[in-house]
Amino acid sequence: MIPIAEPLIGDEEQREVARVLGSGSLAQGPEVAAFEAEFAAYCGTKHALATTNGTTALHLALLAAGVSPGDEVITTPFSFFASASSIRMAGAKPVFVDLERDGYTLDPAAVVAAITPRTKAVMPVHLYGELCDMDALREACDTVPIIEDACQAHGAEAGGRAGSHGLAGCFSFYPTKNMTTGEGGMVTTDDDDVAAAVAQLRAHGQSERYEHLQLGFNYRMTDIAAAIGRVQLRKLDGYNEARRANARRYSAALADCVQVPTERRGHVFHQYTIQSDARDALREHLTARGIGSGIYYPALLYEARPLAEFAALTPRAAALPARVLSLPVHPGLSEEDVGTVIDAVRDFAPTA
Ligand SMILES: *Cc1c(COP(=O)(O)O)cnc(C)c1O
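Summarised in this report is the structure supplied together with it.

Criteria and thresholds
Residues numbered from 1 in each chain as written. Predicted model: local features only at pLDDT ≥ 70, side-chain atom pairs only at ≥ 80, totals over all residues. Heavy atoms only, no water. Near = heavy atom within 4 Å. Polar contact = N/O pair within 3.5 Å; in protein donor to acceptor, adjacent residues only side chain to side chain. Areas by Shrake-Rupley, 256 points an atom, 1.4 Å probe, with all protein chains shown as cover. Helix = DSSP H or I, 4+ residues; strand = E, 2+ residues; numbered from the N terminus. Salt bridge = Lys/Arg side-chain N within 4 Å of Asp/Glu carboxyl O. Buried < 20%, exposed > 50% of the residue type's maximum accessible area, 1.4 Å probe, protein only. Axes fitted to C-alpha atoms, helices over the stretch in contact; angles between N-to-C directions. Parallel < 35°, antiparallel > 145°, perpendicular 65-115°, else oblique. Left-handed = near helix turned anticlockwise from the far one by under 90°. Contact = heavy atoms within 4.5 Å. Nonpolar A, V, L, I, M, F, W, Y, C, P; charged D, E, K, R; others polar. Pairing = 2+ DSSP bridges.

**Regarding the site of the ligand**
Every one of the 15 residues lining the ligand counts as a neighbour, but G54, T55, D149, S172 and K177 are closest to it. Here Q152 contributes a side-chain N or O atom positioned 2.8 Å from an oxygen atom of the ligand. Here an oxygen atom of the ligand sits 2.6 Å away from a polar atom, N or O, in the side chain of S172. Contact with the protein chains removes 93% of the 380 Å² of surface that the ligand exposes when unbound. At the level of secondary structure, the elements contributing two or more residues to the shell around the ligand comprise α3 (54-64) and α4 (82-89). No other element matches α3, which puts 3 residues into the shell around the ligand.

Right, here's the structure in full:
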């Protein structure tokens, strides 16, 4: 079986975890501080603040940006649930707008049209590892702050790395992402006030121990997870290069039989996603040959019951759930694996 995703954990991660377990510091401590400093330097931001996962990173970034009940946050309907549930967790209303033509990220023109006096933030999602068109989006947003959902785009770089383009950037280190800590998340920002607010909110609203200035959460990362993250961060560029190399091989071999993705805007290929009219049959054919694949995502966010009241008209996005299919592109694939996937797709869809 060729899996759709595979976390790569090596001896170095195991040694570092063993070292931290022996150090006596297990919860947020020196490893988290070191991971934050290294992640901020990598993204080119002044601050990075570690959290329990990507969802809590988004929740805290929204709260730190001042998003509160009654506010509106513009985002995409074609993403993972947390992109919009985090907006609801902050008490605000997700305003779903359509995607750019022939792409998977927000259409800046649709964002402009949706801005109202209640718009408190815009949340682009760098879906599949491709940056949103951030120059156009920044222009569209004018003074409205941007919070990047960079949970699929660690290391993507076009005019600055993912996480450095707006007021804040949010990352996930779930095992299937471009780098992992098991579970984990990060908020990046250049803004001192946002950083201070995130630091306070992730630790029960404390400014210092037992000095509770507001209600908060326990959204802290452990030193055990941070130790894994520090090693993974050093490997990230190599992982991303392997993802891009696999993607290029697919595109060169498959462009004449399925709709392949375009490599642009710093793409780090969290997913390699094709489109096909015969998606379901193609998926079954791959499964029968022992090839894992994924449908990201089988429905739009406003089709989920808790978000149904925010349904919108987004025809470009609406065409995607029935057509998209992600092929294995992770750095654990061998050259032979990539060839096996190519042969299987071509066998299903031979050229005339
Ligand atoms: C993974 C992901 C998240 C949530 O991250 P978790 O660490 O699983 O909470 C949010 N948004 C997007 C686009 C993601 O892919």
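What follows continues from the structure just given.
**Let's talk about unusual backbone geometry**
The linkage connecting Y296 with the following residue, Y297, adopts the cis geometry, with an omega of 10 degrees. Structurally, Y297 is set in the loop between α9 (279-288) and α10 (315-318). The phi dihedral of Y128 falls on the positive side, at around 65 degrees, and the residue is not glycine. Assignment of secondary structure puts Y128 in the loop between β4 (119-123) and α6 (134-141).

**Points about the pattern of salt bridges**
Per the counting criterion, the structure on display carries 23 salt bridges. When the shortest N-O distance is used, the salt bridge between E31 and R19 registers 2.9 Å. Of this pair, E31 sits in helix α2 (residues 30-43) while R19 is found in helix α1 (residues 11-23), placing the two residues 12 residues apart along the sequence. For R19, a relative accessible area of 39% gives the class partly exposed.

**Some words on the packing of α9 against helix α11 (residues 335-348)**
One way to put it is that α9 packs onto α11 with a least axis distance of 10 Å and a crossing angle of 135 degrees. When the axis of α9 is compared with that of α11, the two are oblique. The handedness of the crossing between α9 and α11 is right-handed. Across the interface between the two elements, A281, L282, H285 and L286 from α9 touch A344, V345, D347 and F348 from α11. Looking at the contact of α9 with α11, its residues break down into 6 nonpolar, 1 polar and 1 charged.

**Let's talk about the side chain of S83**
In this fold, S83 is placed in helix α4. Since its relative accessible area comes to 1%, S83 is described here as buried. Within the structure, S83 has its side chain in polar contact with the side chain of S79 (distance 2.7 Å). When neighbours within four sequence positions are excluded, S83 is seen to be in contact with L58, M123, V125 and D149.

**A look at the sheet that holds strand β2 (residues 72-75)**
Strand order in this open sheet of 3 strands is β3-β2-β4, and the pairing throughout is parallel. Looking at which strands have only one partner, the edges of the open sheet turn out to be β3 (93-96) and β4. Going from strand to strand, the sheet's axes swing by 30 degrees on average, the running direction of each strand aside. With respect to the sheet, α4 is in contact with β2, β3 and β4, its orientation differing from that of β3 by roughly 145 degrees.

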